[in-house]
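Each chain, letter by letter, is given below.
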Amino acid sequence: MNAKANRNELVEVAQGKRPADMFIKGGTVINVYSGEFLQQNIALYKDCIAYIGQNEVKINENTTVIDANGLYVSPGFIETHAHPWVIYNPISITAKVLPLGTTTTVNDNLFFYLHLGHSGFKRLLGELKNLPGNFFWLIRLVSQASYPGERDWFNKEDIMDLLSSEEVLGTAEVTRWPLLYKGDPVLLDIIDAAKKMGKIADGHNAGCSYEKLNSIAASGISACHEAITAEEALDRLRLGLWTVLRNSSLRPDLSKIIKLITDGQVSTGRILMTTDGPHPTFIEKEGFVDGLVRQAVEYGVPVIEAIQMVTINAATYLKQDDYIGGLAPGKKADILLLPDLVQFRPDLVISNGRIVAEKGELTTQMPDLDWDKHLPENTFPFSRGILANPDLYLYPHTSSNDPVPVIHFVSNVITEQENLFLPAKNGYVDLSAQEGLMYAALIDRKGEWVTKGILERFALNLDGMASTFNTTTDLLTIGRKPEAMAKAASRVHELGGGIVIVDDNEIILEIPLQLTGMMTSDPSFDSAVEFNDKLLKVLQARGFPFHDILYTLLFLTCDFLPGLRLNPFGLYDVKSDRILFPSTSMTNFLNKMNA
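Scoring rules and cut-offs
- Residues numbered from 1 in each chain as written.
- Predicted model: local features only at pLDDT ≥ 70, side-chain atom pairs only at ≥ 80, totals over all residues.
- Heavy atoms only, no water.
- Salt bridge = Lys/Arg side-chain N within 4 Å of Asp/Glu carboxyl O.
- Helix = DSSP H or I, 4+ residues; strand = E, 2+ residues; numbered from the N terminus.
- Core = buried A, V, L, I, M, F, W, Y, C linked by side-chain atoms within 4.5 Å.
- Buried < 20%, exposed > 50% of the residue type's maximum accessible area, 1.4 Å probe, protein only.
- Contact = heavy atoms within 4.5 Å.
- Pairing = 2+ DSSP bridges.
- Phe/Tyr/Trp six-rings, centres within 6.5 Å; stacked < 30°, edge-to-face > 60°.
- Axes fitted to C-alpha atoms, helices over the stretch in contact; angles between N-to-C directions.
- Parallel < 35°, antiparallel > 145°, perpendicular 65-115°, else oblique.
- Nonpolar A, V, L, I, M, F, W, Y, C, P; charged D, E, K, R; others polar.

Novice: I'd like a description of the pattern of salt bridges, backed by residues and values.
Specialist: What the rule picks out here adds up to 28 salt bridges. The closest approach of N and O atoms between Asp-347 and Lys-359, which form a salt bridge, is 3.3 Å. With Asp-347 in the loop between strand E14 (335-338) and strand E15 (348-351) and Lys-359 in the loop between strand E16 (354-358) and strand E17 (361-362), this residue pair connects regions lying twelve residues apart in the sequence. With its nearest N and O atoms 3.9 Å apart, the salt bridge here joins Arg-384 to Glu-494.

Next comes the structure, spelled out in structure tokens:
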């Protein structure tokens, strides 16, 4: 980390009394404050900008001089809504996106907090301070699926302590936004306290109507990234919410919602853009924030406005515009040298006054974080032998005359209920002759309960799989053969987290994800890409019909998207807020088996 400049030093460099550490000369500066392109020089001292203008400032033999003739000089890009746990981890994703020009990311802490708790996450905060770039956090107030003891784990005292950290900029999205609509007193109290601390309150209001958005805005939420049409985006903008246009692996919606600007001609001063945690392959192919700017310009947004949305607008929303988001004296020296205003891929990336990437390659050392210190000694504190019983994965069913509520996939993440008459055998649903239907069981990682369901249109010929990659990080098992599901679950248990697929009693794919069950500890981003590609290829070959398997797995166990879900309380209908088939105690299951 570069040394921090004090104000007196910056004044002296600006006046030519002290030599600059770095001097960028002859470039076209993109001034996001005035909306101009200016031929200017920039002098840096330690981690900050000291001077911008026509003068040749004082330099010496220790000054790094960069000829930027023919290049555009831009502020570093800012991602305001990152999820650093989509197979990749904070180390690998930072190493990937920093050379692409994203010098600031604001990250969701959900799975780190779920597994490490308050004190463990606080220790992790300290270690990740050594990451290059600006690595900030937003703190979850609740999980993405309710579970017994949730409010004790997400207690106000611990959350407020985390909010007081310098690296924490505010509260993270409340995906279960009906809690805000109903005026949950604990959430509203924390949001109010956070805003009094000068922090933001991020939002997630998928499917929320204009009338209901009034209540969400009144609750104190600062922003929303869930618009999927230009009309929905305009609703958010009109209600004073910072409006975040998304283009992600799950929701590549930018071509539609960008019409808010290109057709609607609205002011872009309170509009941002986000990639919203895309899967690794999406980043590899489409880029990160650089890809957002590139596409926005392709769709007709003026270059200066596209860059403002991911620089000064983002910094202002985050209440960090005194430090980042623009090129001006006294600001952090986060600077990109762009060869053109078409691809927006930087030739050179400077973060906190240091060159960290050149020609798309990282030139700085990433911290060697010992993840083992942040892992539990025993991810699954129950015997692996429990998972060997095939009956654990079967759906109880005593009469073929009674309909079974089936989770039918409409899209990657949206489901609906179908009531099917299915054959019963030995007290369970018999799927042996039912093409396209799968057993599903969500097994508590502590071994206390199991939730069961039947899936339709997830796959056609998948024998068995198990995955801790889901929003609960419990053990999600899916398949048509309980014996294969049992083998997959047993192997994930042995790995301490991950994804395993079994075919003909053989393990054909194994992805170890020991970090909270969601992330590989491998510092290589390429490994995350390889894992994602292999998983999608294997499942598509077995009938998975959609494009983003990671988010299908992630959200099957949530409790905020339309349709039926598997959560810790049972088979849950989100729309009616009803448990259709409650989870069962593992102890009762074992007693029954041993009787």
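Novice: Which residues make up the nonpolar core, and what values go with them?
Specialist: Counting 164 residues, the largest nonpolar core has Leu-245, Phe-458, Phe-469, Ile-478, Leu-535 and Leu-553 as the members making the most contacts within it. Sort the elements by how many residues they give to this core and helix H3 (residues 110-127) lands first, with nine residues. Those residues in contact with Phe-469 that lie beyond four places of it in its chain are Trp-85, Val-86, Ile-87, Gly-498, Ile-499, Leu-513, Gly-517, Met-518, Leu-550, Leu-553 and Leu-554. Leu-44, Val-73, Ala-333 and Ile-350 belong to the second largest nonpolar core, which has 17 residues in total.

Novice: Describe unusual backbone geometry, with residues and values.
Specialist: With a phi close to 55 degrees, Gln-265 is a non-glycine residue in the positive phi region. With respect to the helices, strands and loops of the structure, Gln-265 is situated in the loop between helix H11 (259-262) and strand E13 (271-274). Phi angles above zero are rare outside glycine, and Lys-319 is one such case at about 60 degrees. Considering the arrangement of structural elements, one finds Lys-319 in the loop between helix H15 (312-317) and E14. Lys-319 gets classed as partly exposed once you look at its relative accessible area, which sits at 46%.

Novice: Residue-level account of the pairing of E13, with values.
Specialist: Both faces of E13 are covered, namely the face carrying Ile-271 and Met-273 and the face carrying Leu-272 and Thr-274. In this structure, strand E12 (residues 242-246) lies alongside E13, joined through four bridges in parallel fashion. Within E13, the residue paired with Val-244 across the bridge is Leu-272.

Novice: An account of the packing of aromatic side chains is requested, with residue identities and associated values reported.
Specialist: The description of an aromatic ring pair uses the distance of the two centres, along with the angle that the planes make with each other. What the rule picks out here adds up to 15 aromatic pairs. Relative to Phe-546, the ring of Phe-544 has its centre 5.6 Å away and its plane inclined at 80 degrees; by these criteria the two rings are edge-to-face. Accessibility expressed as a relative area gives 4% for Phe-544, which makes it buried. Taking the relative accessible area as the measure of exposure, Phe-546 reaches 11% and is therefore buried.

Novice: Pulling in residues and values, what's your account of the packing of helix H17 (residues 525-540) against helix H18 (residues 549-556)?
Specialist: Viewed as axis vectors pointing N to C, H17 and H18 meet at an angle of 85 degrees, and their least axial separation amounts to 9 Å. For the element pair H17 / H18, the angle class is roughly perpendicular. Side by side, H17 and H18 meet where Asn-532, Leu-535, Leu-536 and Leu-539 of the first sit next to Ile-549, Leu-550 and Leu-553 of the second. Of the residues in the contact of H17 with H18, the class split is six nonpolar, one polar and no charged.

Novice: Kindly report on the sheet that holds strand E7 (residues 102-108), identifying the contributing residues and their values.
Specialist: Within the open sheet, the five strands sit side by side as E6-E7-E8-E9-E10. Their pairing is parallel. The strands lining the two open edges of the sheet, one partner per strand, are strand E6 (77-82) and strand E10 (200-201). Two elements, strand E9 (residues 168-171) and E10, share two bridges in a ladder whose sense is parallel. Counted as the bridge partner of Thr-171 is Ala-201 from E10. The strands touched by helix H13 (residues 289-298) within the sheet are E6 and E7, with E6 carrying the most contacts at an inclination of about 105 degrees.

Novice: Lay out the pairing of E14 in plain terms, naming residues and giving numbers.
Specialist: Neither face of E14 is exposed, since Ile-335 and Leu-337 on one face and Leu-336 and Leu-338 on the opposite face are all buried. Relative to E14, strand E5 (residues 72-75) is paired through four bridges, and the arrangement is antiparallel. From the neighbouring strand, Tyr-72 faces E14, where its bridge partner is Leu-338. Across three bridges, E14 lies against E15 in antiparallel orientation. Within E15, the residue paired with Leu-337 across the bridge is Leu-348.

Novice: Outline the sheet that holds strand E29 (residues 570-573), listing residues and values.
Specialist: Strand order in this open sheet of three strands is E28-E29-E30, and the pairing throughout is antiparallel. Edge positions in the open sheet fall to strand E28 (564-567) and strand E30 (578-582), since each of these has one partner strand only. Each strand axis lies, on average, 30 degrees off the axis of its neighbour in the sheet, ignoring direction. In this sheet, E29 lies alongside E28 in antiparallel orientation, the contact comprising four bridges. Residue pairing across strands places Asn-567 opposite Gly-570, the latter belonging to E29.

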